[in-house]
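Architecture and fold: a report
So the chains spell out like this:
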Amino acid sequence: MKKLFVLAFLMLGAIGFHAQAQDEAEEEITDEELAKFAAVEDSVMAFYDQKNEELVSMIKDNEVIDGAARYNEIKGAWEDEEKMAELEITDEEKAAYEEILEFMGSLSNEVRDLKIGLIKNDDILGVATYNKVNKAMKENPEIKEKVDNMIAEMKEKRTVESEDEASPDAGE
């Protein structure tokens, strides 16, 4: 009877070890999966940077608010009727500021929606791959560092390309 108990215990242990090894094999991450994850993160950051530039331009170039200094004054006085009256903030400035606030509010939603859309698209990344890589990054600093480096390289390449597009060709 003891032998049967020991044999059963060993069998359960072997099954458990096999299942654990199988889980680890399933969780192995390929370089392609890391690259897809990094590309999605870079795309989302690029989109955010673009929208942020639009926001800065919206503030600096606003004819009603007349630049960032006035924007900051309005921002500091916002929702304080006494301060707003003291700064003589006009109805037009209020409307322009509210338009900027609305844009800022929609910005986070747009970025979130873009990221979710990219993650859900199996041709681009896929939810399972996103979760797998995200989990691995939390558990393994080497994987996180590898992904961070990939993202940094993509950002640098994107920056160089945008600078090349912005500068006139010297040869022409």
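Presented here is a report on the structure given in the accompanying data block. (Residues numbered from 1 in each chain as written. Predicted model: local features only at pLDDT ≥ 70, side-chain atom pairs only at ≥ 80, totals over all residues. Heavy atoms only, no water.)

**Some thoughts on helix 2 (residues 31-60)**
Here helix 2 contains 30 residues, and its C-alpha end-to-end distance of 42 Å stays within 8% of the 44 Å for a straight helix at 1.5 Å per residue. Taken residue by residue, helix 2 has E33, L34, F37, A38, V40, E41, D42, V44, K51, L55 and I59 as its buried positions. (Helix = DSSP H or I, 4+ residues; strand = E, 2+ residues; numbered from the N terminus. Expected span 1.5 Å × (residues − 1). Buried < 20%, exposed > 50% of the residue type's maximum accessible area, 1.4 Å probe, protein only.)

**Examining the layout of surface pockets**
Gaps left between atoms show up when a probe the size of a water molecule is rolled over them. If you add up the space inside the largest pocket, you get close to 270 Å³. Considering the residues around the largest pocket, the lining is formed by A46, D49, Q50, E53, K155, R158, T159, E161, S162 and E165. Within the residue set of the lining of the largest pocket, elements represented by two or more residues are helix 2 and helix 7 (141-166). The class makeup of the residues in the lining of the largest pocket is one nonpolar, three polar and six charged. (1 Å grid on protein atoms, 1.4 Å probe; cavity = no way out; pocket = protein on both sides within 12 Å on 5 of 7 lines; lining within 4 Å. Points joined across faces, edges and corners; volume = space filled by probe spheres on them. Nonpolar A, V, L, I, M, F, W, Y, C, P; charged D, E, K, R; others polar.)

**What about the packing of aromatic side chains?**
Across all of its chains, the model carries three aromatic pairs by this definition. Considering the side-chain rings of F37 and Y130, the 5.3 Å spacing of their centres and the 20° angle between planes classify their relative orientation as stacked. Of the two residues, F37 is situated in helix 2 and Y130 in helix 6 (residues 127-139); the sequence distance between them amounts to 93 residues. The class of Y130 is buried, set by a relative accessible area of 15%. Between Y71 and Y97, the ring centres sit 5.5 Å apart and the planes meet at 40°, which makes this aromatic pair tilted. Of the two residues, Y71 is situated in helix 3 (residues 68-77) and Y97 in helix 5 (residues 91-120); the sequence distance between them amounts to 26 residues. Residues Y71 and Y97 agree in their burial class; the two are buried. Pairwise contacts between aromatic rings join Y71, W78 and Y97 into one cluster. (Phe/Tyr/Trp six-rings, centres within 6.5 Å; stacked < 30°, edge-to-face > 60°.)

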